[in-house]
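Observations on chain architecture
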Amino acid sequence: MKVKPHVAHPTTNAWEQAEGSPFPLGVSWNPDRSALNFALYSRNATVVRVLLYSLDDLVHPAIEVELDYLKNKSGPIWHCRIPCHPPGDLAYYAYRVDGPDPTDGYDFHNFDFEKILLDPMALGVFFPEAFSREAACRPGSNAGQAPLGILPTQFCPFDWEEDHRPRHGHDLVIYEMHVRGFTMNPNSGVPESHRGTYLGVVDKIPYLVELGITAVELMPVFQFDPDDGNYWGYMPLNFFAPHHAYATDPVACHQHDEFRTMVKALHAAGIEVILDVVYNHTCEGDHHGPMYSWKGIDSSMAYMMTGNIDAPYANYSGTGNTLHTANRAIRRMIVDSLRFWDKHMHVDGFRFDLASVFTRNSDGSINLDDPPIVIEIGTDSDLSDNRLIAEPWDAGGEFQLGQKFPGQRWMQWNAHYRDTLQRFVRGDGGMVPDLMTRLYGSCDLFPDDLANALQPALSINYVTSHDGSTLYDLTAYNHKRNWANGEENRDGSLEYRWNSGWEGDENVPVEVVRLRKQQAKNFVALLLLSNGTPMFRMGDEFLQTQGGNNNPYNQDNETSWLDWNRLGEHADMQRFVAKMIAFRRSHPSISRSRFWREDIKWYGTGHLVDMSPTSQQLAYCLHGASQNDTDLYVMINADSHSIDFGIHEGSPGSWHRIVDTSLPSPQEFAESPVETVQQAFYTVSGRSVVILSNEPTQH
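Residues numbered from 1 in each chain as written. Predicted model: local features only at pLDDT ≥ 70, side-chain atom pairs only at ≥ 80, totals over all residues. Heavy atoms only, no water.

Scanning the protein from terminus to terminus reveals 15 helices and 25 strands. Relative to the compact-globule value of 27 Å for 699 residues, the protein shows a C-alpha radius of gyration of 28 Å, a close match. With respect to the three principal axes, the spread of C-alpha positions in the protein is 90 × 55 × 50 Å. For the protein, with 699 residues in total, the buried portion stands at 61%. Element-wise, carbon and sulfur atoms account for 50% of the exposed surface of the protein, whose accessible area totals about 25,500 Å². (Helix = DSSP H or I, 4+ residues; strand = E, 2+ residues; numbered from the N terminus. Rg over C-alpha atoms; globule rule 2.2 N^0.38 Å. Buried < 20%, exposed > 50% of the residue type's maximum accessible area, 1.4 Å probe, protein only. Areas by Shrake-Rupley, 256 points an atom, 1.4 Å probe, with all protein chains shown as cover.)

Most peptide bonds take the trans form, and the phi angle of most residues other than glycine is negative. In the segment running from Phe23 into Pro24, the intervening peptide bond is cis, with an omega of 0°. Tracing the backbone through its elements, the reader meets Pro24 in the loop between α1 (14-19) and β1 (26-30). Residue Pro666 is bonded to the preceding Ser665 through a cis peptide linkage, with omega at 5°. Along the chain, the position of Pro666 falls in the loop between β22 (655-660) and β23 (675-677). Not every positive phi belongs to a glycine, and Glu488 is a case in point at roughly 55°.

This part takes up the nonpolar core. Residues Tyr175, Phe259, Leu275, Phe352 and Ile377 are the most contacted members of the largest nonpolar core, which totals 121 residues. Residues Leu90, Tyr93, Ala136 and Met235 belong to the second largest nonpolar core, which totals 35 residues. (Core = buried A, V, L, I, M, F, W, Y, C linked by side-chain atoms within 4.5 Å.)

Of note, Glu511 is situated in helix α13 (residues 510-529). Sequence-wise, Glu511 and Gly501 are ten residues apart; in three dimensions their C-alpha atoms are separated by 9.7 Å.

Further remarks concern helix α9 (residues 372-379). Along an α-helix, residues three or four apart share an orientation, since each turn contains 3.6 residues. The set of residues buried in α9 consists of Ile373, Val374 and Ile377. Relative to the axis of α9, the buried residues are bounded by an arc of 100° and lie together on one face. Buried residues in α9 make contact with α8 (328-343), β13 (349-352) and β14 (387-390). (Arc of directions from axis to C-beta. Contact = heavy atoms within 4.5 Å.)

We now examine the sheet that holds strand β15 (residues 411-413). Here we have eight strands rolled up into a closed barrel, ordered β10-β11-β12-β13-β14-β15-β16-β17, and parallel in their pairing. The average undirected angle you get between the axes of adjacent strands in this sheet is 25°. On the sheet, α13 packs against β16 (459-462) and β17 (533-537) and is oriented at approximately 150° with respect to β17. (Pairing = 2+ DSSP bridges. Axes fitted to C-alpha atoms, helices over the stretch in contact; angles between N-to-C directions.)

Quick look at the packing of α8 against α9 now. In the contact formed by α8 and α9, the axes pass within 10 Å of each other and the chain directions differ by 25°. The orientation of α8 with respect to α9, classified from their angle, is roughly parallel. Handedness of the crossing formed by α8 with α9: right-handed. On the side of α8, the interface is formed by Arg331, Ile334, Val335 and Leu338, while α9 contributes Pro372, Ile373, Glu376 and Ile377. Among the residues making up the contact of α8 with α9, the classes are represented as six nonpolar, no polar and two charged. (Parallel < 35°, antiparallel > 145°, perpendicular 65-115°, else oblique. Left-handed = near helix turned anticlockwise from the far one by under 90°. Nonpolar A, V, L, I, M, F, W, Y, C, P; charged D, E, K, R; others polar.)

When pLDDT is averaged across the protein, the result is 95; 97% of the residues are at 70 or more. When pLDDT is averaged over each element of the protein, strand β11 (residues 215-218) comes out on top at 99 and α1 at the bottom at 90. Low pLDDT (under 50) marks residues 1-11, which in the prediction has 24 contacts with non-local residues, meaning those over four places away or in another chain. (pLDDT = per-residue confidence, 0-100.)

We now examine α8. Between its first and last C-alpha, α8 extends 22 Å over 16 residues, near the 22 Å set by a 1.5 Å rise per residue. Inspection of α8 places Ala329, Ile330, Arg331, Met333, Ile334, Val335, Asp336, Ser337, Leu338, Phe340, Trp341 and Asp342 among the buried residues, and these make up the whole buried set. Between the side-chain oxygen of the N-cap and the backbone nitrogen of Ala329 there are 2.8 Å, and the N-cap of α8 in question is Asn327. (Expected span 1.5 Å × (residues − 1). Polar contact = N/O pair within 3.5 Å; in protein donor to acceptor, adjacent residues only side chain to side chain.)

Structurally, Asn386 is set in the loop between α9 and β14. Within polar-contact distance, the side chain of Asn386 engages the backbone oxygen of Asp348 at 3.3 Å. With residues up to four places along the chain from it excluded, the contact list for Asn386 reads Arg167, Asp342, Val347, Asp348, Gly349, Phe350 and Arg409.

Here we come to the side chain of Asp540. Relative to the helices and strands, Asp540 resides in the loop between β17 and α14 (565-569). Within the local environment of Asp540, its side chain forms a polar contact with the backbone nitrogen of Leu471, the two atoms lying 2.9 Å apart.

Following the criterion strictly, the structure yields one disulfide and no others. The disulfide partner of Cys156 is Cys253, and the gap between their sulfur atoms is 1.7 Å. Residues Cys156 and Cys253 are joined through a disulfide that is right-handed, its torsion about the S-S bond being 85°. Here the residue Cys156 occupies a position in the loop between β9 (148-150) and β10 (174-177), and Cys253 occupies one in helix α6 (residues 252-268), the gap between them amounting to 97 residues. You can call Cys156 partly exposed: its relative accessible area is 33%. Among the cysteines around Cys84, which has no disulfide bond, Cys80 carries the closest sulfur, lying 10 Å off. (Disulfide = S-S within 2.5 Å.)

Pasting the structure below:
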């Protein structure tokens with residue numbers, strides 16, 4: 001049925017009651033007036049209808065309101081107020097929007113008045129049983145098959161109690177995690193009803209605490225298209241709603257409350273929560289993709305256009321479209337989304353996927369001087385306590401790692417660190433100068449000179465992430481095995497692998513198995529010895545494998561689910577990682593707010609560092625007195641042969657071995673009593689890392 005917008009009582013704001021309010025965008029519930037206010041941004045729409053659905057009929061709206069631009073439009077915002085006395089069984093809502101026909105040029109329109117459209121500001125998304133991506137891809141009605149927004153009357157209050165948001169410094173260790181993949185495997189040990197959910201993460205918090213993790217970085221948890229085949233979640237459908245399938249029950253209260261229960265429990269354990277957010281594109285793809293929301297509401301407002309009617313959507317994301325972040329409406333939506341997750345969901349930080357898209361102007365050119373969206377996010381007072389992390393590149397070839405990225409307080413994924421560590425540990429010569437720079441905190445990328453005043457903690461140091469091989473697979477496969485992805489093994493990132501002398505996992509000799517584990521420990525040791533912020537990929541601590549697949553973005557199966565049986569098989573590796581994390585935490589001289597400067601002294605096997613193109617050895621002494629810490633002497637040998645390293649500081653008997661990755665477990669990480677080095681040299685085995693301390697300490 002159709003109803004007229006509500007006429008207010010004369011003693012209230014009559015205009016607003018009759019016409020609705022343009023703010024806030026989205027839908028809001030006024031319990032005092034038993035009314036719903038709807039506000040939708042569409043600069044180019046000519047007709048807008050609001051559709052309200054009952055629980056029992058998802059095809060035919062229970063209420064349908066056509067807005068009059070003379071009453072229900074303020075600038076580019078369409079709005080109305082609809083009375084509900086009480087809301088009864090009204091549960092969902094959507095829009096139908098019409099406008100100009102498609103035209104050539106940058107103002108390309110894609111309206112289809114028959115399409116049922118999801119509100120971009122919806123706080124929850126409902127998928128009817130007949131939901132169909134295919135129906136959204138073809139012209140005409142997709143009634144009963146479209147995702148619907150959940151009305152705010154369906155959500156429940158949540159008691160945060162005394163939720164305390166932790167904030168870590170030198171002890172910050174980030175653990176990149178996929179919510180579903182973390183516990184979906186039946187051997188995860190969580191109740192079947194919790195597998196692959198927010199509550200499954202809660203069940204595993206004691207494990208994270210034991211490991212020493214102080215922050216989790218969750219791969220996308222924004223509502224994404226469940227019919228797209230992107231298991232990773234990098235196809236967002238909405239920027240405000242938690243992904244429904246990660247709740248034990250997809251009804252409205254569970255979507256929000258189970259996410260908040262997870263955050264609250266992680267905070268109680270002293271663990272920060274960082275979200276991997278995708279604001280550079282959506283799941284609607286190019287002109288052949290589905291019309292779920294933005295595309296049918298106002299495509300040229302939402303997306304960057306090419307001016308070519310045959311390929312209208314710019315594609316700097318590699319997924320078919322690019323959000324028009326130079327547009328003020330899109331900027332506002334992004335900032336409102338961040339505020340929502342901060343204020344209402346108590347999230348502690350955000351990692352921005354393909355953040356270089358934020359520096360693109362409407363025509364695709366680069367603005368590094370003053371990109372509005374980067375400035376708005378970085379200076380928003382509501383977000384001042386949040387960690388902001390950039391993936392400082394995009395799929396259009398822009399690479400802005402370090403001081404080039406215009407977000408001054410933003411941390412960044414350091415791809416140079418990743419590449420240097422992968423190359424050095426596998427045995428490439430000539431990497432010593434670059435390794436020194438990476439261990440030091442990448443001062444070349446984050447200079448602390450007067451003009452820049454950047455710090456090493458801005459560098460997110462990592463060896464592996466979701467986007468590439470697992471740590472184990474780096475040591476087990478020279479060649480990627482991505483055939484299952486359906487792209488003829490042409491997909492996947494460039495990596496610097498070495499299979500340790502044997503390809504794959506069939507009939508592997510014992511000595512190769514041992515070497516692979518030793519190489520993995522070398523990676524971990526160097527990562528946790530580096531100044532900057534370390535990040536692990538989930539499962540690397542017990543040598544998770546993907547069978548050589550380095551891009552399993554569409555593998556929602558055992559390939560990507562953590563195999564918790566490997567925790568038992570490689571308990572020694574997990575022990576080593578936990579010990580190294582604890583070691584780093586107990587030595588604040590390693591991770592500092594500033595660079596090591598005069599506290600570091602570099603050596604080689606002799607007194608001088610070998611900078612030659614064939615060099616594979618490095619040693620250094622990190623003095624800890626300025627940090628009320630002990631001194632550390634580190635020796636690194638990437639050659640396959642044992643080499644005697646001179647110990648050029650202290651005296652024989654003053655150093656105690658803490659770590660030698662060449663030794664079998666548990667000797668590789670010394671327990672009490674600590675072993676004393678009596679000579680002025682140490683024989684460092686091939687492909688190993690040795691750490692000495694000048695004070696016997698238990699770790």
